[in-house]
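A structural walkthrough
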Amino acid sequence: MVWVLLGAPGCGKGTQANMLMAQSDMKSYSTGEMLRKAVAEGSELGSQVKSYMESGGLVPDELIANVLAARLEQDGIGSGVLLDGFPRTLPQAQLLDNMLSKNGWTLSGVLYFDTDEALILQRLGGRLSCPGCGAGYHATSMPPVKAGVCDKCSADLITRKDDTPEAIQNRLRVYAESTEPLVAYYQQQGALKNIDASGNADEVFAKVKAVIGL
Ligand code: AMP
């Protein structure tokens with residue numbers, strides 16, 4: 001019912017979530033997208049999280065868990081939910097456990113997109129994002145049809161503020177310190193599904209489909 005997508009920034013989990021949504025009835029919830037939207041709208045949540053995000057740091061655990069819980073409890077989990085970017089710390093994983101048991105939802109598994117740092121740096125370096133619909137591109141490995149323009153909604157593509165070299169370094173450090181321990185946490189629970197994320201998007205997607213039985 002609920003799948004967690006886990007991996008370093010730039011591992012391709014957002015791309016895989018979008019591919020899964022296009023080929024199934026599952027819905028993806030990207031906490032990063034939710035927060036970017038709040039910042040773009042200038043909402044109270046947006047002003048609370050803006051500085052954490054721009055530096056590549058993490059927003060407080062309870063805050064992001066409450067934002068996600070509110071959305072999931074409002075929408076329900078329908079034919080299945082993909083969590084892209086949550087949990088990112090051990091306390092968040094425990095908050096997710098509580099959220100699942102409170103609502104009678106089950107964790108189907110954790111897709112862990114395993115990749116190495118050199119590849120991550122190369123991917124984040126050329127990353128382009130659509131501020132309109134959240135679609136992701138890469139300058140060389142996954143370019144849009146028309147340079148600089150989103151294939152899906154025609155908005156002008158941007159480089160995210162947290163894809164600058166300093167913020168990328170910070171995000172990788174934060175990932176190693178705070179998020180990587182989740183690999184062992186979910187391995188102990190028997191929930192971890194290891195996916196070699198070093199191929200192109202289609203190759204990785206074939207592995208994802210095999211794991212989730214699509
Ligand atoms: P992402 O699009 O997943 O790379 O997220 C972009 C930024 O949003 C992160 O660098 C964090 O500042 C913030 N963020 C997204 N998800 C979380 C989360 N689960 N916990 C804390 N901060 C988050």
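Residues numbered from 1 in each chain as written. Predicted model: local features only at pLDDT ≥ 70, side-chain atom pairs only at ≥ 80, totals over all residues. Heavy atoms only, no water.

**Quick notes on the nonpolar core**
Judged by nonpolar contacts, the single largest core of 38 residues is most densely connected at Leu6, Leu68, Leu72, Leu83, Phe86, Leu96 and Tyr186. Per-element accounting of this core gives the leading share, six residues, to helix H4 (residues 61-75). In this view, leucine 83 contacts Val2, Trp3, Val4, Leu5, Tyr29, Leu68, Leu72 and Leu96; residues no more than four positions away in its chain are not counted. (Core = buried A, V, L, I, M, F, W, Y, C linked by side-chain atoms within 4.5 Å. Buried < 20%, exposed > 50% of the residue type's maximum accessible area, 1.4 Å probe, protein only. Helix = DSSP H or I, 4+ residues; strand = E, 2+ residues; numbered from the N terminus. Contact = heavy atoms within 4.5 Å.)

**A word on the site of the ligand**
The full set close to the ligand counts 16 residues, and Thr31, Arg36, Gly57, Gly85 and Gln92 are the nearest of them. Note that an oxygen atom of the ligand is positioned 2.5 Å from one of the backbone N or O atoms of glycine 57. Ranked by the residues each element gives to the shell around the ligand, the list is headed by helix H2 (residues 31-41), at four residues. Residues of the shell around the ligand, tallied by class, amount to six nonpolar, five polar and five charged. (Near = heavy atom within 4 Å. Polar contact = N/O pair within 3.5 Å; in protein donor to acceptor, adjacent residues only side chain to side chain. Nonpolar A, V, L, I, M, F, W, Y, C, P; charged D, E, K, R; others polar.)

**Quick look at the environment of glycine 12**
Examined against the element boundaries, glycine 12 turns out to sit in the loop between strand S1 (2-7) and helix H1 (13-23). Judged by its relative accessible area of 22%, glycine 12 falls in the partly exposed class. Considered as a pair, glycine 12 and phenylalanine 113 are 101 residues apart in the sequence and their alpha carbons are 7.6 Å apart.

**So, the packing of aromatic side chains**
Inspection of the entire model under this criterion finds one aromatic pair. With a centroid separation of 5.0 Å and 80° between ring planes, the pair formed by tyrosine 185 and tyrosine 186 is classed as edge-to-face. In this structure tyrosine 186 comes out as buried when scored by relative accessible area, which is 0%. (Phe/Tyr/Trp six-rings, centres within 6.5 Å; stacked < 30°, edge-to-face > 60°.)

**Let's talk about the pairing of strand S4 (residues 107-114)**
With six bridges connecting them, S1 and S4 associate as parallel partners. For tryptophan 3, the partnering residue across the bridge sits in S4 and is glycine 109. (Pairing = 2+ DSSP bridges.)

**A few points about the pattern of salt bridges**
For side chains bearing opposite charge, pairing can occur when the charged atoms are close. Throughout the structure, instances matching the rule amount to 13 salt bridges. Where arginine 171 meets aspartate 162, a salt bridge forms, and the shortest distance between an N and an O atom there is 3.9 Å. Taking relative accessible area as the criterion, arginine 171 reaches 9% and is therefore assigned buried. (Salt bridge = Lys/Arg side-chain N within 4 Å of Asp/Glu carboxyl O.)

**Let's talk about the side chain of arginine 127**
Along the chain, arginine 127 turns up in strand S5 (residues 127-129). Among the polar contacts listed, one links the side chain of arginine 127 to the side chain of aspartate 163, at a separation of 3.1 Å. The contact partners of arginine 127, leaving out residues within four places of it in the chain, are Gly10, Tyr137, His138, Ile158, Thr159, Arg160, Asp163 and Arg171.

**Thoughts on the sheet that holds S1**
If you walk across this open sheet you meet the five strands as S2-S3-S1-S4-S7, and the pairing is parallel. The open sheet is flanked by strand S2 (27-30) and strand S7 (192-196), the only strands paired with a single partner. Strand-to-strand twist of the sheet, defined as the mean angle between neighbouring strand axes without regard to direction, takes the value 25°. The sheet contacts of helix H9 (residues 201-212) involve S1, S4 and S7, and relative to S7 the element is tilted by about 160°. (Axes fitted to C-alpha atoms, helices over the stretch in contact; angles between N-to-C directions.)

**With respect to helix H6 (residues 117-125)**
When we look at burial in H6, the residues that qualify are Leu119, Ile120, Arg123 and Leu124. Each buried residue of H6 sits inside an arc of 125° when the element is viewed along its axis, so together they form one side. Residues of H6 that are exposed and point over 90 degrees away from its buried face: Ala118 and Gly125. (Arc of directions from axis to C-beta.)

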